[in-house]
Amino acid sequence: MLTHIVVWKYRADVEQPVRDEHVARLKRLAFIIPEIVSFSVGGDLLKLPRSYDTGLVATFRDRAALEAYTVHPEHILVADLGRNISEHVASVDFVDED
């Protein structure tokens, strides 16, 4: 299994309804893109200086499934939204070797 993690730190000027729409659109991906094995999205609870606002953890069977997800039109739309409303986006993709 391949794990895909993304975090967004929204710009200060982005209002809550726009942030909520981003999260809602992310959550819908789990019902649209068949290559997703598991999918979880949520907002940060601790609000630490180092915290990001929203995080996503998804799993895929393999790299080909992740690549299919990456180029899916619905993913492209929500990824563009996330980049446009964020001051920083970070991600990591890994295969658990244990």
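I will try to describe carefully the structure that is included in this document. (Residues numbered from 1 in each chain as written. Predicted model: local features only at pLDDT ≥ 70, side-chain atom pairs only at ≥ 80, totals over all residues. Heavy atoms only, no water.)

One non-glycine residue, Lys47, lies in the positive phi region at around 55°. Topologically, Lys47 is positioned in the loop between strand 2 (36-43) and strand 3 (54-60). (Helix = DSSP H or I, 4+ residues; strand = E, 2+ residues; numbered from the N terminus.)

Moving on to the packing of helix 2 (residues 63-71) against helix 3 (residues 73-85). Interaxial distance between helix 2 and helix 3 falls to 5 Å at its minimum, and their mutual angle equals 65°. The orientation of helix 2 with respect to helix 3, classified from their angle, is roughly perpendicular. Residues Tyr69, Thr70 and Val71 of helix 2 form the contact with helix 3, whose own contacting residues are Pro73, His75 and Ile76. Of the residues contributing to the contact of helix 2 with helix 3, the split by class is four nonpolar, two polar and no charged. (Axes fitted to C-alpha atoms, helices over the stretch in contact; angles between N-to-C directions. Parallel < 35°, antiparallel > 145°, perpendicular 65-115°, else oblique. Contact = heavy atoms within 4.5 Å. Nonpolar A, V, L, I, M, F, W, Y, C, P; charged D, E, K, R; others polar.)

This next bit is on the sheet that holds strand 2. As summarised here, the arrangement of the four strands in space is 2-3-1-4, forming an open sheet in which the pairing is antiparallel. Lying at the two open borders of the sheet, with one neighbouring strand each, are strand 2 and strand 4 (86-95). The average angle at which neighbouring strand axes cross in this sheet is 10°, direction not considered. Here seven bridges tie strand 1 (residues 2-10) to strand 3, and the two strands are oriented antiparallel to one another. When the sheet's bridge partners are listed, Val7 is paired in strand 3 with Gly55. (Pairing = 2+ DSSP bridges.)

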